[in-house]
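Observations on the three-dimensional arrangement
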Amino acid sequence: MKAVIPVAGAGKRLRPLTYTQPKPLIPVAGKPIISFIVDQLLGAGVEEFIFIVGYLGEKIESYIQDKYPDLEATFVTQTDRLGSGHALWIAREHFADAEEIIIFFGDVIIDAKIEEIVHNKHSCLAVKKVADPRQFGVVELRGSQKVHRLVEKPRIPRSDLAMVGIYKIKEVPLLIDALSFNISREIKTNEQFPLTDALMRMLEKDVHFDIYPVDNWFDCGQRQVLLETNAIFLDREGFASEDIPNLENSIIIHPVSIGKDCRISNSIIGPHVTVGSNVMINNAILKESIIGNYTSIKEVILQRSVVGNDTSITGLRQSLNIGDNTEIDFSNG
C-alpha cells in the first residue's frame, strides 16, 4: 500500500492567504491540514507516501521532513497544473509497483475510519451527500450500492453523492492505463484531466468500486469552511490547549489553541481561536479566528478572521482575510 497525496494546487479561493502559504499548511485547531491527512494514514498502517507538489511545494516538503523525519516520503513536482488526473499521471512511476494505493487529496479533512477504506477488499470511493453537486465529482448509482457512472462537475447532476477526495485503488495498472489513455488523446473536462474521468474509464473496464460514506467532510478551500472546521475541532477532545500559562491581565474563553512562545496581555481570547507560535497580542479581543505564526496584533477587535504569518495589525475593528508578510496599521498615529 502506498499513499498518493496531491498537494499542488494554488488555493485560489483562500487568497491572499495562499499567496505565500500553501493551503495544506494552513492550521486548523492548531494543526496543519496536511498533518490531519498524514496522521490518519499512518494510523491506518500506511508507511509509504508520495506527495505531488507544485505551488510553494518546497514549503510542504520542508514541513513534512521536519515534522515527520522518519517518514518514507517521495516528492514529485507537477509543473503544469492540468488537473488531478494529470497529477497522478506524472507520479505514476513512483506507485506503478504498488499492489494497491490510496489517494488522499491534500486540502480536505475527513471524519471517517480510514483503516476501513485502506483495508477494503475492493477499490473504494469515499462519498458524501451534498447540497450542490455541480462543484464535485459525482457518483451515480444503479440500485442502492452499485456504481453506474462517475461525472466530473456535472451541469445537471443526476446524483447528490459527491466524491470527497479519498480513493482506494487495487487495480493500479488499470488506473495508469486509464490516465495515459485520456492524456495521450487530450480527453479533458473543463480544460483539465480530472481523476474522475480516469476512474470512469476503469468502471467501463468492469472494475468494481465500493462506496464508503464518510461522517463529515471539510473542504477547507474557503474561509467560511476553514473557520467552521477550526471551531468544530477545537470543540473536540485533544485539540484545544489545556495548560495555558498565566497571561498578563488576560482572559481565555475556551476552547482555544495557543502555540509556543506567545506574549498575550490585556486581551480576551476565544472562543474558537487558533493562535500560532511566537505571536504577540496586546489590548485585543479575538474570537472565532485563526492567527498565523510570528504575528503582532495590538488594539483590535477581530472575529471570524484568518490572519497569515508575519503579519502586523494595529487599531482595527473588522473581519479580515489577510495573507502572510503583511503589515496593516489603522491607528490615527
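Refer to the structure above for everything that follows.
Summary of the structure given here. (Residues numbered from 1 in each chain as written. Predicted model: local features only at pLDDT ≥ 70, side-chain atom pairs only at ≥ 80, totals over all residues. Heavy atoms only, no water.)

Thoughts on the overall build of the protein chain
Each helix and strand in the protein chain was counted, giving eight helices and 26 strands. In terms of overall dimensions, the protein chain is globule-like: its C-alpha atoms have a radius of gyration of 21 Å, near the 20 Å expected for 333 residues. For the protein chain, the spread of C-alpha atoms along the three principal axes comes to 65 × 40 × 35 Å. In the protein chain, which comprises 333 residues, the proportion classed as buried is 53%. Counting contacts in the protein chain only where the partners sit at least 6 residues apart, residues at least 24 apart contribute 54% of the total. Only carbon and sulfur atoms are counted for the fraction: they give 44% of the accessible area of the protein chain, which is about 15,800 Å². Side chains of the protein chain give 35 positive and 44 negative charges; the mean places of these two sets differ by 7 Å. (Helix = DSSP H or I, 4+ residues; strand = E, 2+ residues; numbered from the N terminus. Rg over C-alpha atoms; globule rule 2.2 N^0.38 Å. Buried < 20%, exposed > 50% of the residue type's maximum accessible area, 1.4 Å probe, protein only. Contact = heavy atoms within 4.5 Å. Areas by Shrake-Rupley, 256 points an atom, 1.4 Å probe, with all protein chains shown as cover. Lys, Arg positive; Asp, Glu negative; His and termini not counted. Charge placed at Lys NZ, Arg CZ, Asp CG, Glu CD.)

Things to note about the pattern of salt bridges
For the structure on display, the rule yields eleven salt bridges. Between glutamate 100 and lysine 168 there is a salt bridge, and its shortest N-O distance comes to 3.5 Å. Residue glutamate 100 is found in the loop between helix H4 (92–95) and strand S6 (101–104), and its partner lysine 168 is found in strand S11 (residues 161–169); the two are separated by 68 residues along the sequence. The burial state of glutamate 100 is the same as that of lysine 168; both residues are buried. Between arginine 149 and glutamate 140 there is a salt bridge whose closest N-O contact spans 3.3 Å. Salt bridges sharing common partners tie together Lys2, Glu48 and Asp97. (Salt bridge = Lys/Arg side-chain N within 4 Å of Asp/Glu carboxyl O.)

Digging into the nonpolar core
Membership of the largest hydrophobic core comes to 36 residues, with the highest contact counts inside it found for Leu41, Phe51 and Ile64. In terms of residues, this core owes the most to one element, helix H1 (residues 33–43), which gives four residues. One finds Ile50, Phe95, Ile101 and Met200 within the second-largest nonpolar core, a separate group that totals 35 residues. (Core = buried A, V, L, I, M, F, W, Y, C linked by side-chain atoms within 4.5 Å.)

A look at a nonpolar patch on the surface
Side chains of Ile251, Ile253, Ile268, Ile285 and Ile301 sit close together on the surface and give an oily, nonpolar patch of about 360 Å² of accessible area. Relative to the assigned elements, isoleucine 285 resides in strand S20 (residues 285–287). Residue isoleucine 285 is classed as partly exposed on the basis of its relative accessible area of 34%. (Patch = residues over 30% accessible without salt bridge, like charges linked within 9 Å, V, L, I, M, F, W, Y side chains within 5 Å.)

Brief notes about the side chain of asparagine 182
The residue asparagine 182 is located in helix H6 (residues 172–184) in this model. For asparagine 182, a relative accessible area of 7% corresponds to the buried category. Among residues more than four places away in sequence, those in contact with asparagine 182 are Ile187, Phe193, Asp197, Ala198 and Arg201.

As for the pairing of strand S12 (residues 209–213)
Counting buried residues along S12, four of its five residues qualify, which places the element largely inside the surrounding structure. Sheet topology places strand S8 (residues 123–129) next to S12; five bridges connect them, and they run parallel. Across the sheet, the residue bridging to cysteine 124 is aspartate 210, located in S12. (Pairing = 2+ DSSP bridges.)

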